[in-house]
Amino acid sequence: MLTRIDHVGIACRSLQDKIAFYTATFGLTVVSQEVNEDQGVREAMLHVSDGPAGASYLQLLEPLGPDTPVGRFLDRRGEGVHHIGYGVANITAALAEIGATGVRLIDARPRHGSMGAAIAFLHPADLGGVLTELVEAPRRPGPAGA
Ligand code: CO
């Protein structure tokens, strides 16, 4: 069901400081920066690698305010790993399959994520304390329009 690690989400206080750090330290490239009002974050996606099942990224998340999910996370736990995002081929099918095992779905239906992806979060309390995200990447035009 899971095709790859799509991204690791890291909560930070200053997006610009962490972008500077990750580009200088690991030579990563920023491929997208956006504000997601819905999730209360300003975020950047940094490209890590390309694999047969698609690309992997680092996602840096800066809260838009203290009273947001990432703002509260920083308050409680400080900067660090916030969630893991796994790639799936069909997010609707994956949600149904995972939900049937008893894992609670934070998002029963997919919503809009970074770079045009469809995403959904699963409840960390049912996953060993790990906030888990499913990501279905947008379709890209393949060879011969496939
Ligand atoms: Co994410």
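All residue numbers refer to position in the chain's written sequence, counted from 1. With the structure being a predicted model, the display of local features is reserved for residues of pLDDT at least 70 and the display and counting of side-chain atom pairs for 80 or more, all residues being used for whole-chain, interface and lining totals. Each side-chain value is derived from all of the structure's non-hydrogen atoms; neither hydrogens nor water enter the calculation.

S.K.: For this particular structure, what's the right way to read the sheet that holds strand β6 (residues 111–112)?
M.R.: Within a sheet, each strand pairs with its neighbour through backbone hydrogen bonds, oriented either parallel or antiparallel. If you trace the eight strands from one edge of the open sheet to the other, you get β2-β3-β4-β1-β5-β8-β7-β6, paired in mixed fashion. Bordering the open sheet on either side are β2 (29–36) and β6, each of which pairs with just one other strand. Any two strands with at least two DSSP-identified bridges between them are counted as paired. Helix numbers and strand numbers start at the N terminus; a helix is a DSSP run of H or I with at least 4 residues, a strand a run of E with at least 2.

S.K.: Would you explain the side chain of Q59 in this entry?
M.R.: One can find Q59 in strand β4 (residues 54–63). Partly exposed residues are those whose accessible area sits between 20% and 50% of the maximum for their type, while under 20% is buried and over 50% is exposed, using a 1.4 Å probe and protein chains only. Note on Q59: relative accessible area 4%, which makes it buried. Of the polar contacts made by the side chain of Q59, one reaches the side chain of E43; its length is 3.3 Å. Among the polar contacts listed, one links the side chain of Q59 to the side chain of S114, at a separation of 3.2 Å. Contacts between residues were defined by any pair of non-hydrogen atoms, one from each residue, lying within 4.5 Å. When residues no more than four places from it in sequence are discounted, the contact partners of Q59 are H7, V8, G9, I10, E43, A44, M45, H83, S114 and E133. The term polar contact refers here to a pair of N or O atoms within 3.5 Å; inside protein, the definition further demands a hydrogen-donor-capable atom paired with an acceptor-capable atom, and it admits residues adjacent in sequence only when both atoms are side-chain atoms.

S.K.: Hey, could you run me through the coordination of the cobalt ion in this one?
M.R.: Perfect tetrahedral coordination of a metal by four donors corresponds to 109.5 degrees between them, and perfect octahedral coordination by six donors corresponds to 90 or 180 degrees. Protein coordination of the cobalt ion is provided by H7 (NE2), Q59 (OE1), H83 (NE2) and E133 (OE), with donor distances spanning 2.0 to 2.2 Å. Geometry at the cobalt ion is irregular, judged from the four donor atoms that bind it and their angles of 85 to 171 degrees at the metal. Each donor residue of the cobalt ion belongs to the same chain, with the gaps between them written as H-x51-Q-x23-H-x49-E. One end of the pair, Q59, is in strand β4; the other, E133, is in strand β8 (residues 132–136), with 74 residues separating them in the sequence. Water is not part of the atom set, so a site may look incomplete; the donors themselves are N, O and S atoms within 2.8 Å of the metal, or 3.2 Å for Na, K and Ca. Note on geometry labels: four donors, all angles 85 to 135 degrees, give tetrahedral; four donors become square planar and six octahedral when opposite donors are over 155 degrees apart and every other angle is between 65 and 115; remaining cases are irregular.

S.K.: Help me out: how do you make sense of the environment of R77 in this one?
M.R.: Considering the arrangement of structural elements, one finds R77 in helix α2 (residues 69–77). Among the residues examined, R77 registers a relative accessible area of 56% and is labelled exposed. Residues R77 and L95, 18 residues apart in the sequence, show an inter-C-alpha distance of 28 Å.

S.K.: What's the story with the environment of Y86 in this structure? I'm lost.
M.R.: Take Y86: it is sitting in strand β5 (residues 80–88). On the accessibility criterion, Y86 (26% relative accessible area) is partly exposed. Look past the residues within four positions of Y86 in its chain and what remains in contact with it is L2, R4, I5, D6, T132, E133, L134 and V135.

S.K.: What's the story with the nonpolar core in this structure? I'm lost.
M.R.: Soluble, globular proteins show a tendency: their nonpolar side chains are buried together. I10, C12, L15, I19, Y22, L28, A44, L46, L58 and L60 together form the largest nonpolar core, which totals ten residues. Those elements that provide at least two residues to this core are α1 (15–26), β3 (41–51) and β4. Among the elements that line this core, the one with the most residues is α1, at three residues. Grouped together as the second largest cluster of nonpolar side chains are nine residues, V88, I91, I98 and A120 included. Buried residues of nine kinds, namely Ala, Val, Leu, Ile, Met, Phe, Trp, Tyr and Cys, make up a nonpolar core once their side-chain atoms join them within 4.5 Å.

S.K.: Teacher, can you tell me more about the pairing of β2 here?
M.R.: Strand residues, when the strand is regular, have side chains that alternate between the two faces of the sheet. Pairing of β2 with β3, which is carried by seven bridges, proceeds in the antiparallel orientation. Along β3, the bridge assignment pairs Q33 with A44. As consecutive antiparallel partners, β2 and β3 are separated by four residues, and within that stretch G40 has a phi angle of approximately 70 degrees, a positive value.

S.K.: Even after reading the chapter, I still don't get α2, so can you show me in this structure?
M.R.: Residue pairs three or four apart in sequence face the same way in an α-helix, which turns once every 3.6 residues. Buried within α2 are the following residues: V70, G71, F73 and L74. One face of α2 carries all of its buried residues, which in axial projection span an arc of 160 degrees. Exposed and facing more than 90 degrees away from the buried side of α2 are D75 and R76. The inward-facing, buried residues of α2 abut β1 (2–11), β3, β4 and β5. The positive-phi residue at the C-terminal boundary of α2 is G78, with phi of around 80 degrees. What the arc describes is the spread of directions from the helix axis to the C-beta atoms.

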